[in-house]
2 protein chains.
Amino acid sequence: MELVADPVDIGTRAPTVLLNEADAAELGVHALERVQLRRDGRTTIGIVELTDELVEPGTLGVTRRLGHIEGSVEVSVAPQPNSVYYIRKKLDGIELEADEIERIVRDIYEDRLADAELSAYVSASYTQGLSMEETMHLTECMANIGERMSWSEDIVADKHSIGGVAGNRVTPILVPIVAAAGLKIPKTSSRAVTSAAGTADTMEVLCDVDFSIDEIRDIVDETGGCLVWGGAVNLSPVDDRIIRVETPLSIDPRGQLIASVLSKKESAGSTHVVIDIPYGEGAKVASLADARELAEDFKRVGTHLGMSIECAITNGAAPVGRGVGPILEARDVLATLAGDGPNDLRVKSIRLAELLFECAGIDADATEILDSGQARETFREILAAQNGDPDVVASDLSPGRHTHTVRSDNNGVVTHINNRLVNEVARRAGAPKDAGAGIDLHCRVGETAAVGDALFTIHAESPDKLADSEDLVGRVDTVRVRHPDEALVDRI
Amino acid sequence: MELVADPVDIGTRAPTVLLNEADAAELGVHALERVQLRRDGRTTIGIVELTDELVEPGTLGVTRRLGHIEGSVEVSVAPQPNSVYYIRKKLDGIELEADEIERIVRDIYEDRLADAELSAYVSASYTQGLSMEETMHLTECMANIGERMSWSEDIVADKHSIGGVAGNRVTPILVPIVAAAGLKIPKTSSRAVTSAAGTADTMEVLCDVDFSIDEIRDIVDETGGCLVWGGAVNLSPVDDRIIRVETPLSIDPRGQLIASVLSKKESAGSTHVVIDIPYGEGAKVASLADARELAEDFKRVGTHLGMSIECAITNGAAPVGRGVGPILEARDVLATLAGDGPNDLRVKSIRLAELLFECAGIDADATEILDSGQARETFREILAAQNGDPDVVASDLSPGRHTHTVRSDNNGVVTHINNRLVNEVARRAGAPKDAGAGIDLHCRVGETAAVGDALFTIHAESPDKLADSEDLVGRVDTVRVRHPDEALVDRI
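Calculation criteria
Residues numbered from 1 in each chain as written. Chains lettered and ligands numbered in written order. Predicted model: local features only at pLDDT ≥ 70, side-chain atom pairs only at ≥ 80, totals over all residues. Heavy atoms only, no water. Buried < 20%, exposed > 50% of the residue type's maximum accessible area, 1.4 Å probe, protein only. Helix = DSSP H or I, 4+ residues; strand = E, 2+ residues; numbered from the N terminus. Arc of directions from axis to C-beta. Contact = heavy atoms within 4.5 Å. Pairing = 2+ DSSP bridges. Axes fitted to C-alpha atoms, helices over the stretch in contact; angles between N-to-C directions. Least-squares fit on C-alpha atoms with pLDDT ≥ 70 in both. Parallel < 35°, antiparallel > 145°, perpendicular 65-115°, else oblique. Nonpolar A, V, L, I, M, F, W, Y, C, P; charged D, E, K, R; others polar. Buried area = accessible area lost by both parts, 1.4 Å probe. Salt bridge = Lys/Arg side-chain N within 4 Å of Asp/Glu carboxyl O. Polar contact = N/O pair within 3.5 Å; in protein donor to acceptor, adjacent residues only side chain to side chain. UniProt positions renumbered as here; feature names shortened; annotations may be inferred. Domains from an automatic or database assignment.

Peer 1: Would you mind showing me how to read helix α8 (residues 213-223) of chain A here?
Peer 2: Because each turn of an α-helix spans 3.6 residues, side chains separated by three or four positions in sequence point in the same direction. Residue and element names in this part refer to chain A. The set of residues buried in α8 consists of Ile213, Ile216, Ile219, Val220 and Thr223. Within α8, the buried residues cover an arc of 120° as seen down the axis, which keeps them to one side. In α8, the exposed residues that point more than 90 degrees away from the buried face are Asp214 and Glu222. Those residues of α8 that are buried lie in contact with α6 (171-180), β8 (185-189), β9 (225-229) and α15 (374-385). Phi turns positive, to about 90°, at Gly224, one or two residues after α8.

Peer 1: What should I look at first to understand the sheet that holds strand β5 (residues 59-62) of chain B in this one?
Peer 2: All names here are of chain B. Read around the barrel, six strands follow the order β1-β5-β2-β4-β3-β6 and close on themselves; strand pairing throughout is mixed. Looking at each pair of strands side by side, their axes are set apart by 45° on average, direction ignored. Pairing geometry for strand β3 (residues 34-39) and strand β6 (residues 72-77), over four bridges, is antiparallel. Pairing of Leu37 across the sheet is with Val75, part of β6.

Peer 1: Help me understand the relation of the copies chain A and chain B in this model?
Peer 2: Mapping one chain copy onto the other needs a rotation about an axis and a shift along that axis. Superposing chain A onto chain B requires a rotation of 180° together with a translation of 0.0 Å along the rotation axis, leaving an RMSD of 0.1 Å. Here the transformation between the copies is reduced to the relation of a two-fold axis. Looking at the rotation axis and the C-alpha trace of chain A, the residue lying nearest is A:Ala116, at 2.2 Å. In this assembly the copies share their binding face: 100% of the residues contributing to the interface of chain A also contribute to that of chain B.

Peer 1: What should I look at first to understand the packing of helix α12 (residues 326-337) of chain B against helix α15 (residues 374-385) of chain B in this one?
Peer 2: The relative placement of two packed helices is expressed as an angle between their axes plus a distance between the axes. Residue and element names in this part refer to chain B. Direction vectors running N to C along α12 and α15 enclose 135°, while the axes themselves pass 9 Å from each other. By the angle class used here, α12 and α15 are oblique. Contact with α12, carried on its side by Val333, Leu334 and Leu337, involves Ala375, Arg376 and Phe379 of α15 and no other residues of that element. Taken together, the residues that form the contact of α12 with α15 break down as five nonpolar, no polar and one charged.

Peer 1: Before we go on, may I ask you to explain the interface of chain A and chain B in this structure?
Peer 2: Interface extent is often summarised as the accessible area lost during association of the parts. Of the residues lining the interface, 57 residues belong to chain A; the matching set on chain B comes to 57 residues. Each partner contributes to the roughly 4,800 Å² buried at the junction of chain A and chain B, and carbon and sulfur atoms together form 50% of this total. Broken down residue by residue, the surface that chain A buries against chain B is led by A:Asp9, A:Arg88 and A:Leu249, which jointly contribute 12%. In this structure, the connection of chain A to chain B is made through two salt bridges. The residue A:Arg64 makes a salt bridge to B:Glu21 at a minimum N-O spacing of 2.6 Å. Counting across the interface, chain A meets chain B through 24 residue pairs in polar contact (both at pLDDT 80 or more). Of all the elements in the fold, those that place two or more residues in the side of chain A that touches chain B are α1 (21-27), β4 (42-51), β6 (72-77), α2 (83-91), α4 (115-128), α9 (237-249), α16 (419-428) and α17 (463-475) of chain A. Among the elements that line the side of chain A that touches chain B, the one with the most residues is α4(A), at nine residues.

Peer 1: Looking at this model, I keep getting lost on the UniProt feature "domain: Pyrimidine nucleoside phosphorylase C-terminal" (unreviewed entry) in chain A. Mind explaining?
Peer 2: Per the UniProt record, "domain: Pyrimidine nucleoside phosphorylase C-terminal" (unreviewed entry) is found at residues 413-480 of chain A. For residues 413-480 of chain A, the helix share is 34%, the strand share is 29%, and the end-to-end C-alpha distance is 8 Å.

Peer 1: Mind showing me how you'd approach the pattern of salt bridges here?
Peer 2: Two side chains bearing opposite charge may form a pair once their charged atoms approach each other closely. As enumerated under the stated definition, the model contains 72 salt bridges over all chains in all. With its nearest N and O atoms 3.0 Å apart, the salt bridge here joins B:Arg112 to B:Glu110. Classification of B:Arg112 as buried rests on a relative accessible area of 15%. Classification of B:Glu110 by relative accessible area gives partly exposed; the value is 28%. For B:Arg380, the salt bridge is made with B:Asp391, and the minimal N-O distance between the two is 3.0 Å. Here the residue B:Arg380 occupies a position in helix α15, and B:Asp391 occupies one in the loop between α15 and β13 (402-407), the gap between them amounting to 11 residues. Among the charged side chains, a network of salt bridges with common partners joins A:Arg103, A:Arg106, A:Asp107, A:Glu110 and A:Arg112.

Peer 1: Got a minute to help me understand the domain arrangement of chain A in this structure?
Peer 2: Domains assigned within chain A are domain 1 (2-77), domain 2 (83-129), domain 3 (157-233 + 266-394) and domain 4 (402-486). Placing a centre on the C-alpha atoms of domain 1 of chain A and another on those of domain 4 of chain A gives a separation of 47 Å.

Peer 1: Quick question: what am I supposed to make of the side chain of A:Thr16 here?
Peer 2: Take A:Thr16: it is sitting in strand β2 (residues 16-20). In this structure, A:Thr16 is in contact with A:Ile47, A:Glu49, A:Gly61, A:Val62, A:Thr63 and A:Leu66, ignoring residues within four places of it in sequence.

Peer 1: Got a minute to help me understand unusual backbone geometry in this structure?
Peer 2: For residues that are not glycine, phi is negative in most cases, and the peptide bond is trans in most cases. For the peptide bond that leads from A:Ala431 to A:Pro432, omega is 0°, which places it in the cis range. Mapped onto the elements, A:Pro432 comes out in the loop between α16 and β15 (438-441). Of note in the backbone geometry, A:Asp111 takes a positive phi value of approximately 65° without being a glycine. Here A:Asp111 is to be found in the loop between α3 (98-109) and α4. With a phi close to 50°, B:Asp40 is a non-glycine residue in the positive phi region. With respect to the element layout, B:Asp40 can be found in the loop between β3 and β4 (42-51).

Peer 1: Would you mind showing me how to read the sheet that holds strand β17 (residues 454-460) of chain A here?
Peer 2: Two pairing modes exist for strands in a sheet, parallel and antiparallel, and in both the strands are linked by backbone hydrogen bonds. All names here are of chain A. The four strands lie next to each other as β12-β15-β17-β13, forming an open sheet whose pairing is antiparallel. Looking at the sheet topology across the chains shown, the edges are occupied by β12 (323-324) and β13 (402-407). Across four bridges, β15 lies against β17 in antiparallel orientation. Residue pairing for β17: Asp440 is matched across the bridge by Thr457.

Structure, rendered in structure tokens:
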């Protein structure tokens, strides 16, 4: 059916089109079914909503995400995507073939899967697991879709943390250290999956993170590094759609995780990569054995792709740094670069930079680069190149003004700070979407706390979200304070 | 934030509300986040889409599903539903507590879960399974939400098929047989989950299926039975939302299946129920052992609820009847009641009715009731009571006019008709949403076929869907015809 596109001012995440009921009946489509929109030989998918009045018969209402569609459009019923059969197959625990994985990745890219179907794919990958073969295929398919960067240098450094640790904003400290040492490090980062902020969310507090590939090349040529959002450059566009479904459920299947990380590195042209694998109670990886296994899998897929990969297995049982949430973490980053941040964040950033130097065969001293102010200077150059204010200091940043401070109920020792709960509390407070939302930790594991001592402060931008977050805090044990005698044996 | 509701003419499956960008920014909500709408002390959930122009600041655009909301509404950020944690727990393979299951069921009922979250719940139940305890809790929670029917009779008969067999439209034949024998049988049916049509889809071809509880009582008092859609009477409203997510994936987790069936029976006030469990190649249950296990589970949950349950373990390896799809199946039903239908459908309907008579301790002859025309007369009364044409005959019905007939490529014997593929082909052709779409089978397992003999005809209402269906047929082996010598050993 030939319809004329007409913009409708509705902003939605899905590629929604509005059809008049009469046209929909003639086409034989119902609300939320998919239609194929063909124009100049190109095909896009639209998801149908119905109206009697908002659009006339003969007209196709295109919402904002499809705003580029103009003029006459051939609208037909979209075939059910074949990948639904492969998702079903995976739910049944059967290993997928390379071409089936490719079909799923392509259908995700072309918006052919509804949220419920995409969620079933992620759930299937999570509960049934992906084999090494599946993971390699998935990584290649994801890297092959979208744009790529290439560099003239033999060594292109990169870094990734698998996340799950609250705070842990190492990247914006490590990148300027590595760039100041003379290595190219075109770092693209994700937004948060299961944490309260990703590096892209945090950097966005200080500067733009949304650049084209050409702009990234200029920034990296000028400063040696960059700290940009990977989703904006379309390096692995499928990944961002998968993350969108994973986020509310806080799941991140292992094979999907490896494919997500390494497909982005492959597309970014990286050759030497250090991967931070935090493990321990409350981290994504529970045991040292699991962390080692994941590290081996990363190296194997990396080798398959021709990359040198080093994995740092780190302590993930407690948050790193003091702030959790975009603005609160940005404050830690600025302080650390100025020689004044949380010590654990400083030490971890230095160690990971050293590991990357070692992996790349470079002789440089990370501590010296940080302490001498060279890293800070490079960071200022990156901020300036990314349209930020290079002179920003930690005290310029204001976290959410609605606050609630949680205090100790007893006298004792802080025996545990629960990463998952810290992240959950910060997310309920609005992080990462509300940049000022999050948690400011006032204590560290092993410190003593007396009744009434402040353990952490929740910041929120909206009172509703603060209340929501307080509600969770009231029901769970985010920070455990135990009498020294009880610290060894925990009552659950 | 106080906003004034204003209807926006958009029909969507989700409870969508349109917010002006300015209001959304002030509330701190983003596209597709949930808001709580409070008015006269009652709370509903809305899912946010954004607009600059369609609604003014201060106004809440309510789409059709929320059309009952008028006047001033207190809009606030909805808390993240706790059931998301329990879904995650289930994905991790941990058994859920009764109160956690209740929370999930209640959040589904109150529209607090997005499609992606609901799909993760279904996927988790499918891959991790539900224990007997979980299934009992789930059944009770689902039965306790929504309306209930109660009857003065001691025996209220009911019937259910777990589905998966193409065609198999036994219910509209069995109900009038049972009602004609003097038993009350207030049958509510679902729409299709994984098949090309449910009984409700098929009956809708012949009469209304959408009645209130009071109307159902009148129909059953007048005729002894009814053939209505369960979703319309809100007996187990949660079930229909779950089915909506299961349908595109064609999954139906076992515990969810039992809860879905028995919660509806419990709410309908049924006391004696026969359940058809088809098993075999291509059916939902593959082996006789699995079918027996499922039958035992049904009986156990039934006993827990105080119901008498008999299970019929039937041959599910091939379609039952000739038509597959709403109109095509309605044609089989009318023919069978008139003494002229497919023999397998006739025999199965009689056998299940006999089993129900036995379960209820009633002395009646199902064959006699059918052959004497008593069942047909009762069916006519039910049609009339449900606003249908009682005089309708099979030849009055017209299946989709776009057709494609699949013919045999070789000379041999029909060794297998694949239920799943028959359903898939019919679904691609548009069934069940397009009532005339489906498959008309011209052969049965065991019959001989020569090159060029018609095996089945696909009917569709739209040429696009016919093409889509033909595309699938071209790639798979829906009906297997083998040389008699090869019939015993199949090459895969």
